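# Geometric and topological summary
Each chain is listed here by its residues.
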Amino acid sequence: MTMVRQASAAATAARTAAQPMLDVERVRTDFPLLMQHRDGKPLVYLDNAATTQKPQVVVDSVKQYYEGYNANIHRGVYKLSQQATDAYEAARVKLQRFVNAAQPHEIIFLRGVTEAVNLVAHSFGRTSLVAGDEVVISAMEHHSNIVPWQIVCEATRARLRIVPMTDEGELELDEFEGLISAKTKLVALVHVSNSLGTINPVKEMVAIAHGHNVPVLVDGAQATPHMAVDVQDLDCDFYALSGHKMFGPTGIGILYGKAELLNAMPPYQGGGEMIRSVCFDKTTYAPLPAKFEAGTPNIAGAIGLGAAVDYLNGMSWDAIHAHEDDLLRYATESLETIPGLHVLGTAKEKASVVSFVLDGVHAHDIGTIVDKEGVAIRTGHHCTQPVMERLGVPATARASFAFYNTREEVDALVRAVHRVHEVFS
Amino acid sequence: MADLKDLYQQIVLDHNRAPRNFKKIPNASHTAEGTNPLCGDDITLYVTVEGNVIKDVGFQGKGCAISQASASLMTSTVKGKTTEEAESLFRAFHDMVAGGPDAPADDKTLGKLAALAGVKRFPARVKCANLPWHTLHAALTGSDEPASTE
Ligand SMILES: Cc1ncc(COP(=O)(O)O)c(C=O)c1O
């Protein structure tokens, strides 16, 4: 796992020993929802891959915007509008630093990964794909990195090629290289699998693709809550993230794109904000990033996401990694003591996601029973039906951990899964 | 765990473990496929109707305990009934499971289908219980579209 320490976190790490410790109990108090009880039991929230909880500072930043300086951006000459514009643009710079992009205008605010992939598929894909061309994706993509490509491939009569994966849930790199040819116009890869937890070697894969002059889009939805991401180090051409998966609000995320590529691409949506001048004969478009931000954006969301980035900057990725790795190991070992339980996804490099099945019990039934014990996990295909197909299961149960989860919560999960056996015996 | 016991009654677990009429009927007069996109349940239903009587009915597929037990209970209940009777059972069943936590169940009409009454306290599971019935409805009305609980 690439662990680039953030500036403020580096200071913390220097103070502590080689292995910085995370004070989980203190961290938990930052998250109002984690303090809740349901039916007299503490809420055990283990569905972080679906969405994460929000620290108070994020909630407050959104509230402060609406209460204190709500105005549309880039429009008014009045002070309030300027204040909102400044906050929105400051959030862009926070995101730029967060992924270590070279320039702020390489950060496009969008709804999230889904919209980011659609933007690239429609703007880049439709203009550069012709019949017979190929787009390479992997066997473990989320539907949001499959369906937009299918739509564009159908329209352009291009073809989707799939990098296969092993039974353990690792991509087959040899096969990957073999799939790239002169016909390949783009590679789109998930950084961390949401259903299996696999951390893919994207840096290596980007280098392989670039060896053939093929640009690469990385879906970082599940990476940014767990690790430092450096888009210049990865050298990827596009990187997408969703705010709600990294302790920020819903409905906001970013597409990072290399300026050179973004500049060459046509707008994705037309409307206000994205133009330089409009007349009925011809409209000229605004420069980056406005070209890709048609309409009034999610201003509060961008500010909230900026606050989430600030919050993460106050922590140490090393400490987060050590803690989550401990949870992953502990959860995997504890769950595997349950008779008939099988963990799916055993890649060497894994984020804190544990997908499992129980002999003779459908995942949906597991979900209902553990919910009764106050444990929230996800059950189903996790928007990765091809992964389920590949592993020969209709669905899995999935526990996904964030840095605020504890070993006690793993114990609660294990107790709850034992209940499943009691009910079904 | 009172609620869970209501949901997973012995008869439900039994029908899940050993589903009745789990078979393909090669020359069925009506077939339909049903899927529940949320949890990935899918079933195929085969019905042989003579006159307006359901002479035989079978299903295949995979899914959670609730959808499997519901399909098993449904097929054993509607066999020998007229198609109109089957449709009115569907209405009674739907009212029981989807009518909210206090929905009264018409036990006399529903018979052993009442074993699934506990579903009404688990809104996320209503679609699982209803899936086989939606599929039966699609088969009987000859709709070409796969039945879906969405
Ligand atoms: C790996 C991955 N990619 C993409 C997405 C889609 O993200 P969003 O729904 O925020 O657009 C998700 C979220 O479920 C995900 O886990």
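Computed from a prediction, not measured in an experiment: that's the story for all the values here.

### Some points on helix 12 (residues 317–336) of chain A
- If you check helix 12 of chain A, its first and last C-alpha atoms are 28 Å apart, about what 20 residues at 1.5 Å a residue would give, namely 28 Å.
- Measuring from the backbone nitrogen of Asp318(A) back to the side-chain oxygen at the start of helix 12 of chain A gives 3.2 Å, which picks out Ser316(A) as the cap.

### Focus: the sheet that holds strand 16 (residues 378–380) of chain A
All names here are of chain A.
- With antiparallel pairing, the four strands of this open sheet are ordered in space as 13-14-17-16. Two strands in the sheet have a free side with no partner beyond their single neighbour: strand 13 (341–344) and strand 16. Direction aside, neighbouring strands of the sheet carry axes that sit 30 degrees apart on average.
- Of the strand pairs in this sheet, strand 16 and strand 17 (residues 396–400) are connected by three bridges, and their pairing is antiparallel.

### With respect to the environment of Gly340(A)
Residues and elements named next belong to chain A.
- Mapped onto the fold, Gly 340 is located in the loop between helix 12 and strand 13.
- Judged by relative accessible area, Gly 340 falls into the partly exposed class, the value being 25%.
- It is 33 Å that separates the C-alpha atoms of Gly 340 and Met 246, two residues lying 94 residues apart in sequence.
- Contact partners of Gly 340, with chain neighbours within four places excluded, come to Val 357, Leu 358 and Asp 359.

### Some thoughts on the packing of helix 4 (residues 83–98) of chain B against helix 6 (residues 126–140) of chain B
Residues and elements named next belong to chain B.
- It is at 10 Å that the axes of helix 4 and helix 6 come closest, and there the two elements cross at 160 degrees. The angle between helix 4 and helix 6 places the two elements in the roughly antiparallel class. As for the relative orientation of helix 4 and helix 6, their crossing is left-handed in sense. Residues Thr 83, Ala 86, Glu 87, Leu 89, Phe 90, Phe 93, His 94, Val 97 and Ala 98 of helix 4 touch helix 6, and the partners they reach there are Val 126, Ala 129, Asn 130, Trp 133, His 134, Leu 136, His 137 and Leu 140.

### Overview of the domain arrangement of chain A
Residue and element names in this part refer to chain A.
- Along its sequence, chain A is carved into domain 1 (15–45 + 316–424) and domain 2 (58–313).
- Of note, the centres of domain 1 and domain 2, computed from C-alpha atoms alone, are 28 Å apart.
- Contacts between domain 1 and domain 2 engage 32 residues on the former and 28 residues on the latter.
- Overall, the association of domain 1 and domain 2 removes approximately 2500 Å² of surface from exposure, summing both partners, and the carbon and sulfur fraction of that is 60%.
- Our count for the domain 1 to domain 2 interface comes out at two salt bridges.
- Linking Glu 170 and Lys 348 is a salt bridge whose minimum nitrogen-to-oxygen distance equals 3.7 Å.
- Joining domain 1 to domain 2, the criterion identifies 15 residue pairs in polar contact (both at pLDDT 80 or more).
- Mapped onto the side of domain 1 that touches domain 2, the elements with two or more residues apiece are helix 12, strand 14 (353–358) and helix 14 (385–391).
- Grouping the amino acids of the side of domain 1 that touches domain 2 by side-chain chemistry returns 17 nonpolar, eight polar and seven charged.

### What about the interface of chain A and chain B?
- Contact residues are listed per partner, giving 16 residues for chain A and 21 residues for chain B.
- Counting each side, the surface lost to burial between chain A and chain B is near 1400 Å², with a carbon and sulfur contribution of 63%.
- A salt bridge links Lys372(A) to Asp3(B); the nearest nitrogen and oxygen atoms lie 3.2 Å apart.
- Every element with two or more residues in the side of chain A that touches chain B is listed here: helix 13 (363–372) and helix 15 (407–424) of chain A.
- Across the side of chain A that touches chain B, the residue classes tally to five nonpolar, six polar and five charged.

### Quick look at the packing of helix 3 (residues 65–78) of chain B against helix 6 of chain B
All names here are of chain B.
- Interaxial distance between helix 3 and helix 6 falls to 7 Å at its minimum, and their mutual angle equals 40 degrees. Between helix 3 and helix 6, the angle falls in the class oblique. Crossing of helix 3 against helix 6: the hand is right-handed. Between helix 3 and helix 6, the contacting residues are Ile 66, Ser 67, Ser 70, Ala 71, Met 74 and Val 78 on the first element and Cys 128, Ala 129, Pro 132, Trp 133 and Leu 136 on the second.
- Each residue belonging to the contact of helix 3 with helix 6 can be placed in one class, and the counts come to nine nonpolar, two polar and no charged.

### Section: the packing of aromatic side chains
- Applying the stated criterion across every chain yields a total of 16 aromatic pairs over all chains.
- Seen in terms of ring centroids, Phe31(A) and Phe247(A) are 6.2 Å apart; in terms of plane orientation they differ by 70 degrees. Their pairing is edge-to-face. On the criterion of sequence distance, the pair formed by Phe31(A) in the loop between helix 2 (24–28) and strand 1 (37–38) and Phe247(A) in the loop between strand 9 (238–242) and strand 10 (253–257) is long-range, its members being 216 residues apart.
- Taking 5.1 Å as the distance between ring centres and 80 degrees as the angle between the ring planes, the aromatic pair formed by Phe22(B) and Phe59(B) counts as edge-to-face.

### Remarks on the sheet that holds strand 10 of chain A
All names here are of chain A.
- Reading across from one edge, 4-10-9-8-7-5-6 is the order of the seven strands in this open sheet, with mixed pairing throughout. The open sheet has two free edges, formed respectively by strand 4 (107–110) and strand 6 (159–163), since each of these has just one partner strand. Averaged over all neighbouring strand pairs, the angle between strand axes comes to 20 degrees, with direction disregarded.
- Two elements, strand 5 (residues 134–138) and strand 6, share five bridges in a ladder whose sense is parallel. When the bridges of strand 6 are listed, Ser 138 appears paired with Val 163.

About the cut-offs
- Residues numbered from 1 in each chain as written.
- Chains lettered and ligands numbered in written order.
- Predicted model: local features only at pLDDT ≥ 70, side-chain atom pairs only at ≥ 80, totals over all residues.
- Heavy atoms only, no water.
- Helix = DSSP H or I, 4+ residues; strand = E, 2+ residues; numbered from the N terminus.
- Expected span 1.5 Å × (residues − 1).
- Polar contact = N/O pair within 3.5 Å; in protein donor to acceptor, adjacent residues only side chain to side chain.
- Pairing = 2+ DSSP bridges.
- Axes fitted to C-alpha atoms, helices over the stretch in contact; angles between N-to-C directions.
- Buried < 20%, exposed > 50% of the residue type's maximum accessible area, 1.4 Å probe, protein only.
- Contact = heavy atoms within 4.5 Å.
- Parallel < 35°, antiparallel > 145°, perpendicular 65-115°, else oblique.
- Left-handed = near helix turned anticlockwise from the far one by under 90°.
- Domains from an automatic or database assignment.
- Buried area = accessible area lost by both parts, 1.4 Å probe.
- Salt bridge = Lys/Arg side-chain N within 4 Å of Asp/Glu carboxyl O.
- Nonpolar A, V, L, I, M, F, W, Y, C, P; charged D, E, K, R; others polar.
- Phe/Tyr/Trp six-rings, centres within 6.5 Å; stacked < 30°, edge-to-face > 60°.

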